[in-house]
Amino acid sequence: ADNRTPAALRAIARLAAQAGAEVALGWRDHADRLRIEEKAGPADLVSQADREAETAIRAVLSRRCPDDGILGEEHGGAAGHSGVHWIIDPIDGTTSYLYGRADWSVSVAAADTAGDRLLAAVVLEPALGRITEASAGDGTCLDGTRTTVSGGDDLTRALIEVNLGTPAQRAYTGRMVAALTPRVRDLRRGGSAAAALALVATGRADGAWLPGIHSWDCAAGTLLVQEAGGVVGDLTGVTPDTWPHSGDVLAGPPALWEPLRRILVAAGPGPQPL
Ligand code: IPD
């Protein structure tokens, strides 16, 4: 059917992400009344805004694509039988969101269940009014304009996004940051892994090292980078046309990806990511 093309799925992803963003933005004006909980500990927060935003996203997807599967960070998985499933993070960067900062995003991706290919992706940054979208074979757009990864091939002139990983990984990620710091132009740590991948896909960063992330943090962002001409993989390498799902994820333009991987591998192994 027509609404199964990657471009049509991307349009649905956008509607779903906008529904989630509306809920999240709405709560910002009443943040003092928001119920907040620690999930795995003080570094892993969830709020009523996350849960309600996910409900709004799921409502759009189930209305338009009732036979598709859905996996969401807050409400878990629901199987489908259409061959397409959705992977969503209603608020990626909950900590930043709860601190009233702008570096959080709504991440919505569609994937083909049989082939494990990403089909469509949207990363919406509501506080910045910025949307980065891709559909398989059609390229990546930032606010409607085609975009690509940076043409960088010189690590000393590379701006790299990093995350600090799960609490159990922090000693390891500290080592990784120490190894990268003298080799690159500079590092940035934003609050959202999905947004970091969108920055790579739009040439606003020359690479991203994102340890300890889940499928909902990287599904949409991975397609954004791939369709913008970049590569995404873990430290063991890149598997073309599929995606890492979770773990320690490295993204960048082809010429920088392997040099980055070598520095990180040389800095030594870490604990199991998740
Ligand atoms: C978090 C963000 C953050 C990353 C954390 C994730 P959440 O997602 O992606 O950048 O460092 O590992 O948990 O929990 O805010 O959706």
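Residues numbered from 1 in each chain as written. Predicted model: local features only at pLDDT ≥ 70, side-chain atom pairs only at ≥ 80, totals over all residues.

**A closer look at the overall build of the protein**
Then, in step 1: From N to C terminus, the protein includes seven helices and 15 strands.
Then, in step 2: Projected onto its principal axes, the C-alpha positions of the protein cover 50 × 45 × 30 Å.
Then, in step 3: Every one of the 274 residues in the protein was classed for burial, and the buried ones make up 50%.
Then, in step 4: Taking as baseline every contact in the protein between residues at least 6 positions apart, the subset at least 24 positions apart corresponds to 66%. (Helix = DSSP H or I, 4+ residues; strand = E, 2+ residues; numbered from the N terminus. Buried ≥ 20, exposed ≤ 12 C-beta atoms within 10 Å, placed from the backbone. Contact = placed C-beta atoms within 7 Å.)

**Quick look at the sheet that holds strand E12 (residues 186-188)**
Then, in step 1: Strands sit in the order E12-E11-E13-E15-E14 across an open sheet of five strands; the sheet is mixed. Because the sheet does not close on itself, it has two edges, and the strands there are E12 and strand E14 (231-233). Going across the sheet, the axis of each strand differs from the next one's by a mean of 15 degrees, ignoring polarity.
Then, in step 2: As judged from the four bridges shared by strand E13 (residues 207-213) and strand E15 (residues 247-252), these two strands associate in the antiparallel manner. Residue Leu210 lies in a different strand from E15, and its bridge partner there is Val249. (Pairing = 2+ DSSP bridges. Axes fitted to C-alpha atoms, helices over the stretch in contact; angles between N-to-C directions.)

**A word on helix H6 (residues 215-227)**
Then, in step 1: Taking 1.5 Å as the rise per residue, H6 with 13 residues should run 18 Å; its terminal C-alpha atoms sit 18 Å apart, in good agreement.
Then, in step 2: Considering bend angle alone, the principal kink of H6 is centred on Gly221 and spans about 25 degrees.
Then, in step 3: Counting buried positions along H6 yields 12 of 13 residues, so the element is predominantly enclosed.
Then, in step 4: Three or more residues of H6 are buried, namely Trp216, Asp217, Cys218, Ala219, Ala220, Gly221, Thr222, Leu223, Leu224, Val225, Gln226 and Glu227.
Then, in step 5: Count one or two residues on from H6 and you reach Gly229, which has phi positive near 95 degrees. (Expected span 1.5 Å × (residues − 1). Bend = angle between axes of the 7 residues up to and from the residue.)

**Observations concerning the environment of Gly152**
Then, in step 1: With respect to the secondary-structure elements, Gly152 resides in the loop between strand E10 (145-147) and strand E11 (159-162).
Then, in step 2: Linking Gly152 and Gly207, residues 55 residues apart in sequence, is a C-alpha distance of 9.5 Å.
Then, in step 3: If we ignore the near neighbours within four places in the chain, the residues touching Gly152 are Arg157, Ala158, Asp206, Pro253, Ala255 and Leu256.

**Digging into the UniProt feature "binding site: Mg(2+) 1" (unreviewed entry) in the protein**
Then, in step 1: According to UniProt, the feature "binding site: Mg(2+) 1" (unreviewed entry) maps to Glu73, Ile91 and Asp217 in the numbering used here. Annotated residues spanning 145 residues; largest pairwise C-alpha distance 9.5 Å, indicating a single compact cluster.
Then, in step 2: Examined against the element boundaries, Glu73 turns out to sit in the loop between strand E3 (69-72) and strand E4 (76-78).
Then, in step 3: Excluding anything up to four places from it in sequence, Glu73 contacts Glu54, Asp89, Pro90, His214 and Trp216.
Then, in step 4: Here Asp217 lies in helix H6.
Then, in step 5: Ignoring any residue separated from it by four or fewer positions in sequence, one finds Asp217 in contact with Asp89, Asp92, Ala193 and Ala194. (UniProt positions renumbered as here; feature names shortened; annotations may be inferred.)

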